[in-house]
Every structure is written in structure tokens, then in C-alpha cells.
Amino acid sequence: MPASAAKQLLDHYDRHARALPWRSPPGSPPPDPYFVWLSEVMLQQTTVATVTPRFRRLIERWPTIDALAAAPDEEVLMEWAGLGYYARARNLIACAREVAARGGFPPSESELRKLPGLGAYTAAAVAAIAFGARAVVIDTNVARVIARYRGIKQTLQESRDDIRKHADAMTPTDRPGDFAQAMMDLGATICRPRRPACSICPLSADCLALASGAPEEFPATKLKRERPHRHGLAWWIERDGAIWLVRRPARGMLGGMAALPGPEWGDDVPTVQRQASISHGFTHFTLELHIARRAEPVGEGWWQPIDHLAEAGLPTLYAKAAGTMLERKEVLAA
DNA sequence: CAAGCGTGGTA
DNA sequence: TTACCAAGCTT
């Protein structure tokens, strides 16, 4: 990429940067590292639209990393409910406590990379955006922009090292944080996976994929495996206006989250008499969750008042299941 | 290095 | 409706 391309991109960013609650305006001093880190972790595989209101809630409740570090695990997991990829929340807690104990975030990419939940992307992003370091920030947006600009048609898995070389070559010493965000904005709003808006792209003049006539064919995508179908059973145990909830094991699916009790999921349909069933799609399988009534509590847990079920911090799967059961109840009562 | 790990929006 | 995909990390 010609050196002028980075400048073109920054000029475009100065005029078109999206205003986001964790972002400071182009060219202005960097935001609080806590805000940068928190937003970056929330944004891992999660859209800006989903993250924005949840970010506001989190920083309102815990305005500093010391406040977050002092919060009980369950409170943080409850605030994360519905956001998915719950290992992020567990890492978030561990990272907050480590950073609070050492008195703040380390400013270097290599030290940031050692913190729980910070991989290659997030460490580089925090170093560049919060500390102004010249870190090479590569997410799927950046990788796609580069693949198109340089006309690299291989899959991103195949071209990973090549993409990194190009990204390193184009990253400026001045304003590396704004540059990273400009690349990501470009990928999210103009150089989109499908139907890229090349006519308004600041890099279109030198884009090899556009010159080829079919920019959306860059980079190639590999076919996904078919998702298997699994079955699960959840117990609906109701007593005196409350539901019996349990906490899932810390590791694995929905690790550490509140849940309806039930055995591990498997390939076979449960044989018990069920009240309802719901379907839920996960990343690598779909689940049909069968719901059955039961009188006695199972396992370690607590009674959650139905009036306050929304505050239990149920992940979406169990929130759906509970919603289905409560809806049936209302229909029967009517 | 590929698989495991959530959820909601879009076409 | 199915399929794809989003500011990835961990093992």
C-alpha cells in the first residue's frame, strides 16, 4: 500500500468517524484505557449495535476498573447475560483484578497480550487506541480490506502471514489508534463482506479487487461444516411463585451462568413427559431443549422469584425456555 | 491449527 | 427459512 493510502484513510476517518461511547473524536487525546479494553472485549465477535447499550450499563455500574475488580463474580456474569461467549466475562473478571492489583494497564502490546482474554487483536488494539503505540491491529475487517486492496484471493487462513506483512507496512507511526479504527470502520460500513460500497470508498483508486471487477469475491471463504442437532432436558421446578435455578459448571457451554437444572445435553430425545420444547442455535450445533415439570429441587441452587426472573442473569437459551413456560401459564390462566 | 464457544441481524 | 457473519480467544 502506498504511504499516501494511510493518509487518505485518516482524512476520510476525520470526516466520517462514527461517534461511539468508548471512542474519543479523531485526533483528540486517547480515551480511558479501561473503556478501550472493556469495549474491545465486548466487541469480540459481537456487533456495535448489541454492545453499545450494554457498554453504557457496565460503565455506569462500574465506572472504574477498580470498581469492576471489586464486584462479585455473579454480579458481573449477570450483567453479561445475553451477550454470549461467556468465557469473555470470566476472563474480564480475572483481567480486571490483575490490572487493579498492579495499579493499571501495562502500556505495551507484549505485556497486554499476557492478560487473560487479550489475544493478538485486543492487545494490539488497546496498545494503539489507548496508548498510542504503533501496534499492528488486525481483525476480520482489516484482513478483508487488505485482501481486497492487495487483490489476495486466498482464504484468510491461507493468507494470514501475507496479510500481516501488508498491515505492518501500511500502519503509520502517527495516529496508529485512529488508523486502526479507520480500517475497522471502513470494513464495517463500506468494504463490507457482501455488496461493498466501492463508489464511496477512499481507497478505491488503487484497489486491486475492485479492478478485477468482482471485489466481493475477495477473500475466498471456506465452506462451513454442517451443524449437528442435539437434545437437552431442563426441569421447570416451581414453588410459591419461585423457580429453582442452578449455576452451570465454570467451564464449557454457558460456563458459570445461571440456568434451569437438567442433565448434560446429548444426541437422544429425552423420554420424560415434556411440557414444551424450544430450539436454539449455537455456533456449532443446534439444540432442542425439552422442558418438563418436576416437584422437588435438584442439585445446588436457589429459588428465584418469578417476578424477578429477568434479574437472574439467564443466558438466552434459558430465558427463552422460561418465557415459553410463563407464556403457557398465562394462557391457561386466561 | 482446527474446534469449541452465543447471540442477533440481515439478505 | 437457511446461511452468513460480527472490533476473537483458548486449548
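By the naming in an unreviewed UniProt entry, chain A goes by Adenine DNA glycosylase and is assigned to Sphingomonas cremea. Taken from UniProt, the Sequence similarities (unreviewed entry) comment for chain A reads in full: "Belongs to the Nth/MutY family." Heading Function (unreviewed entry) of the UniProt record for chain A holds this comment: "Adenine glycosylase active on G-A mispairs. MutY also corrects error-prone DNA synthesis past GO lesions which are due to the oxidatively damaged form of guanine: 7,8-dihydro-8-oxoguanine (8-oxo-dGTP)."

Take the protein's contact with DNA strand B next. DNA strand B sits among 18 residues. The nearest are Tyr86, Leu254, His280, Thr283 and His284. Backbone atoms, meaning sugar and phosphate, make up 62% of the atoms of DNA strand B lying within 4 Å of the protein. Here a base oxygen of DNA strand B and a side-chain polar atom of Tyr85 are 3.0 Å apart. Elements with a contribution of two residues or more to the surface near DNA strand B: strand 5 (276–281) and helix 13 (316–333). Its residues assigned to classes, the surface near DNA strand B comprises eight nonpolar, nine polar and one charged.

All told, the structure shown has 14 salt bridges when counted by the stated rule. Residues Lys7 and Asp11 are paired through a salt bridge, measuring 3.2 Å at the closest nitrogen-oxygen approach. On the criterion of helical spacing, the pair formed by Lys7 and Asp11 is a turn pair, its members being four residues apart in helix 1 (residues 3–16). Of the residues examined, Lys7 reaches a relative accessible area of 53% and is grouped as exposed. With a shortest N-O distance of 3.4 Å, Lys153 and Glu217 are connected by a salt bridge. With Lys153 in the loop between helix 9 (140–149) and helix 10 (160–170) and Glu217 in the loop between helix 12 (208–212) and strand 1 (229–236), this pair connects stretches of sequence that are 64 residues apart. Judged by relative accessible area, Lys153 falls into the partly exposed class, the value being 44%. Residue Glu217 is classed as partly exposed on the basis of its relative accessible area of 43%.

The next subject is the protein's contact with DNA strand C. Around DNA strand C lies a shell of 25 residues, among which Leu43, Gly117, Gly119, Thr122 and Asn141 are the nearest. In the interface set of DNA strand C, defined as its atoms within 4 Å of the protein, sugar plus phosphate atoms amount to 61%. Arg23 places a side-chain nitrogen or oxygen 3.3 Å from a base nitrogen of DNA strand C. Within the residue set of the surface near DNA strand C, elements represented by two or more residues are helix 2 (33–43), helix 8 (120–131), helix 9 and helix 11 (176–189). Of the residues that constitute the surface near DNA strand C, the class distribution is nine nonpolar, eight polar and eight charged.

Moving on to the layout of surface pockets. Size it by volume and the largest pocket reaches roughly 1,400 Å³. When residues of the lining of the largest pocket are traced back to their parent elements, those giving at least two are helix 2, helix 8, helix 9 and helix 11. Of the residues contributing to the lining of the largest pocket, the split by class is 16 nonpolar, 13 polar and eleven charged. Looking at the second largest pocket, its volume works out to about 430 Å³. Together, 19 residues line the second largest pocket, and Gly84, Tyr85, Tyr86, Leu254 and Phe282 are the ones closest to its centre. Those elements that place two or more of their residues in the lining of the second largest pocket are helix 6 (87–102), strand 5 and helix 13. Looking at the lining of the second largest pocket residue by residue, the classes come out as nine nonpolar, nine polar and one charged. In terms of domain composition, the lining of the second largest pocket takes at least three residues from each of domain 1 (3–217) and domain 2 (229–333).

Let's shift gears to the sheet that holds strand 5. Across the sheet, which stays open at both edges, the three strands sit in the order 1-6-5 with mixed pairing between neighbours. Strands at the two margins of the open sheet, each flanked by one partner only, are strand 1 and strand 5. Strand-to-strand, the axes of this sheet are offset by a mean angle of 25°, without reference to chain direction. Pairing between strand 5 and strand 6 (residues 286–293): six bridges, direction antiparallel. Opposite Ser279, over in strand 6, you have Glu288 as the bridge partner. On top of the sheet, helix 13 reaches strand 1, strand 5 and strand 6; it is set at about 150° to strand 5, its chief contact.

A separate point is the environment of Phe282. Examined against the element boundaries, Phe282 turns out to sit in the loop between strand 5 and strand 6. The exposure class assigned to Phe282 is buried, which follows from its relative accessible area of 10%. Residues Phe282 and Met253, 29 residues apart in the sequence, show an inter-C-alpha distance of 9.7 Å.

About the cut-offs
- Residues numbered from 1 in each chain as written.
- Chains lettered and ligands numbered in written order.
- Predicted model: local features only at pLDDT ≥ 70, side-chain atom pairs only at ≥ 80, totals over all residues.
- Heavy atoms only, no water.
- UniProt positions renumbered as here; feature names shortened; annotations may be inferred.
- Near = heavy atom within 4 Å.
- Polar contact = N/O pair within 3.5 Å; in protein donor to acceptor, adjacent residues only side chain to side chain.
- Helix = DSSP H or I, 4+ residues; strand = E, 2+ residues; numbered from the N terminus.
- Nonpolar A, V, L, I, M, F, W, Y, C, P; charged D, E, K, R; others polar.
- Salt bridge = Lys/Arg side-chain N within 4 Å of Asp/Glu carboxyl O.
- Buried < 20%, exposed > 50% of the residue type's maximum accessible area, 1.4 Å probe, protein only.
- 1 Å grid on protein atoms, 1.4 Å probe; cavity = no way out; pocket = protein on both sides within 12 Å on 5 of 7 lines; lining within 4 Å.
- Points joined across faces, edges and corners; volume = space filled by probe spheres on them.
- Domains from an automatic or database assignment.
- Pairing = 2+ DSSP bridges.
- Axes fitted to C-alpha atoms, helices over the stretch in contact; angles between N-to-C directions.
- Contact = heavy atoms within 4.5 Å.

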